[in-house]
Amino acid sequence: MGTNIWLYPEKKYQTFESFGVSGAWWAQVVGGWEHLDSKSGKPCRERIVELLFSKENGIGITCYRYNLGGGSKNSNSCTFSKGNRGAESFDANGKYDWSRDKNAVWVLKEAAKNGADEICFFCNSPPERLTKNHKSCLDRAWHENITKENYLPFAKYCFDVTEHFLAKGIPVRYLSPVNEPIWVWTEKHGQEGCHYRPRSVSALFKVFANELENRPNLKGVKLAGAENGDLRWFNKSYTRGLLKDEQIKRNLDSIDFHSYFLPLPIPFMNNRIAFMKRFRKYMDKNFPHMPLKMSEWTHMKGGRDYGIDSALVQAQIMYEDISILNVVSWQHWIAVSEVDFCDGLIYINEDTKTFEMTKRYYAFGNFSKFVTKGFVRVDVSSDDKDLNMLAFCKDDETVIIVINSTNEDKSLVLENCDNAFVHITDEKRNLEKIEISGVFVPIFKKSISTITIQSCKKE
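Conventions and cut-offs
Residues numbered from 1 in each chain as written. Predicted model: local features only at pLDDT ≥ 70, side-chain atom pairs only at ≥ 80, totals over all residues. Heavy atoms only, no water. Core = buried A, V, L, I, M, F, W, Y, C linked by side-chain atoms within 4.5 Å. Buried < 20%, exposed > 50% of the residue type's maximum accessible area, 1.4 Å probe, protein only. Contact = heavy atoms within 4.5 Å. Helix = DSSP H or I, 4+ residues; strand = E, 2+ residues; numbered from the N terminus. Pairing = 2+ DSSP bridges. 1 Å grid on protein atoms, 1.4 Å probe; cavity = no way out; pocket = protein on both sides within 12 Å on 5 of 7 lines; lining within 4 Å. Points joined across faces, edges and corners; volume = space filled by probe spheres on them. Nonpolar A, V, L, I, M, F, W, Y, C, P; charged D, E, K, R; others polar. Expected span 1.5 Å × (residues − 1). Disulfide = S-S within 2.5 Å.

## With respect to the nonpolar core
One finds Trp 26, Ile 48, Leu 52 and Tyr 64 to be the most contacted residues of the largest nonpolar core, which totals 116 residues. With near-sequence residues (within four places) excluded, Trp 26 lies in contact with Ile 48, Leu 52, Tyr 64, Val 107, Ile 334, Ala 335 and Val 336. Counting 20 residues, the second-largest nonpolar core is a separate cluster that includes Ala 391, Ile 400, Ile 424 and Ile 453.

## A few points about the pairing of strand 18 (residues 397–404)
In terms of burial, strand 18 is a largely internal element, seven of the eight residues being buried. Judged from the eight bridges that link them, strand 17 (residues 387–394) and strand 18 form a sheet pairing that is antiparallel. When the bridges of strand 18 are listed, Cys 393 appears paired with Thr 398. Here strand 17 folds back onto strand 18 in antiparallel fashion, the turn holding two residues, of which Asp 395 has a positive phi close to 55°.

## Observations regarding the layout of surface pockets
Empty space within the largest pocket amounts to approximately 530 Å³. Considering the residues around the largest pocket, the lining is formed by 21 residues, among which Arg 85, Glu 180, Trp 185, Gln 191 and Met 300 are closest to the centre.

## Some words on empty space enclosed by the protein
Counted according to the given criterion, the structure contains four cavities of 30 Å³ or more. Of the volumes computed, that of the largest cavity is approximately 80 Å³. Lining of the largest cavity is provided by Gly 23, Ala 24, Trp 25, Ala 27, Gln 28, Tyr 66, Asn 67, Ala 87, Glu 88, Asp 101 and Ala 104. For the lining of the largest cavity, the secondary structure elements donating two or more residues are helix 1 (27–30) and strand 3 (63–67). Its residues placed into classes, the lining of the largest cavity shows six nonpolar, three polar and two charged.

## Looking at helix 5 (residues 151–167)
Counted at 1.5 Å a residue, the expected span for helix 5 with its 17 residues is 24 Å, and the 24 Å between its end C-alpha atoms agrees. Residues Tyr 151, Phe 154, Ala 155, Tyr 157, Cys 158, Phe 159, Val 161, Thr 162, His 164 and Phe 165 constitute the buried set of helix 5. Downstream of helix 5 by one or two residues, Gly 169 has phi in the positive range, about 90°.

## Some words on the state of the cysteines
Overall, the coordinates contain one disulfide when judged by the stated rule. Note on cysteine connectivity: Cys 78 is disulfide-linked to Cys 137, with sulfurs 2.4 Å apart. Between Cys 78 and Cys 137, the S-S torsion sits near -100°, and that sign places the bridge as left-handed. Separated by 59 residues along the polypeptide, Cys 78 in the loop between helix 3 (72–75) and strand 4 (91–92) and Cys 137 in the loop between strand 6 (118–122) and helix 5 bring together distant segments of the chain. The residues Cys 78 and Cys 137 share a single accessibility class, namely buried. Cysteine Cys 63 shares no disulfide, and the gap to the nearest cysteine sulfur, in Cys 120, comes to 6.4 Å. Judged by relative accessible area, which is 1%, Cys 63 ranks as buried. On the basis of relative accessibility, which here comes to 3%, the residue Cys 120 falls in the buried class.

Given below as structure tokens:
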């Protein structure tokens with residue numbers, strides 16, 4: 001006995017663009033790992049990049065976020081608790097040193113070669129030469145670290161770098177000059193960062209938009225932002241500041257936000273779904289044609305977690321952001337982690353120069369490997385309210401993603417369809433492919449399943 005699926009392809013939502021990951025701060029380490037991976041026989045750095053971005057030999061991630069560093073690693077101006085969080089800058093006292101950040105640049109080029117056709121350059125901090133304290137972190141909380149006079153030099157630097165890499169064949173599509181502007185990025189907070197008030201973000205983006213329009217070589221590049229760090233705080237303020245200006249608006253491809261939602265000791269402040277619905281309603285009312293992108297999320301808890309429970313949390317967040325906020329892109333934070341934290345899709349061990357896979361990696365692949373650019377989300381439902389489902393259509397192909405967080409095996413009824421398969425990630429399986437025989441689709445306990453249908457006879 002199975003539960004029926006009802007698919008409504010005529011009821012369309014957003015057209016999806018990409019799934020993505022960030023290269024901070026692992027790329028500057030892994031990019032130098034030229035030794036052979038014992039399992040594949042390939043250079044370790046090549047295998048890790050292939051696992052992430054190759055459609056044939058990995059999970060086909062198409063968006064890669066490259067960290068355009070502020071230069072703390074060059075100057076040693078900020079001593080972060082985790083050494084890899086210092087970042088290099090191509091800015092060398094107003095000139096350019098393209099030999100810098102060579103390991104991360106190697107990963108950038110290799111990601112593009114493996115299929116990442118949507119590169120976003122993002123800045124945690126302006127180059128240190130342009131900051132008030134000549135550091136890529138703050139000395140004082142809540143103080144902005146760049147003057148208005150340096151907005152234009154900052155823009156020129158970012159676009160010079162963009163032009164350089166475009167000339168090298170890197171498909172840079174987006175430039176994000178601000179990252180989590182609401183937070184206080186002092187040295188003790190462990191990474192490069194810069195605080196901005198909403199009006200300052202608007203003023204900065206105005207300068208960037210004007211400079212972008214004066215660069216014919218960057219005709220295909222758009223701005224991205226403002227990448228606010230929590231769904232509850234000031235998203236409307238930062239968004240309104242950007243979209244009320246027509247010049248910024250025409251150079252901005254989307255509103256990018258981060259989907260973090262750290263728990264607070266106030267019950268009504270922990271209703272994530274309610275905050276999401278309010279933000280979606282605000283966008284529909286005021287800026288109905290501006291897409292949303294979720295450009296950073298990770299499971300914020302301590303300890304390395306390789307298991308299915310963390311993967312299910314990640315899948316649930318992806319489901320909510322895609323189905324409630326209608327995001328057109330969903331981007332995980334770091335793809336690879338070297339620390340004792342529940343963050344990366346892959347873990348590396350720097351002492352032994354080895355890597356380990358997680359269930360989050362395979363669960364992410366249940367989305368990224370099958371829902372590619374141009375798929376349109378359509379309506380889908382079933383009688384089983386314990387199952388969360390997403391459906392996408394493109395040409396004659398249908399993809400249905402089913403998340404079962406319960407401890408109960410289930411099945412779905414899939415009628416009138418030919419050439420259908422299901423790829424399953426659970427405690428025992430890693431994107432395991434099973435051909436669907438008959439009308440019943442197995443949905444195992446604590447699993448993420450992707451049903452792919454090459455042709456479906458519509459009744």
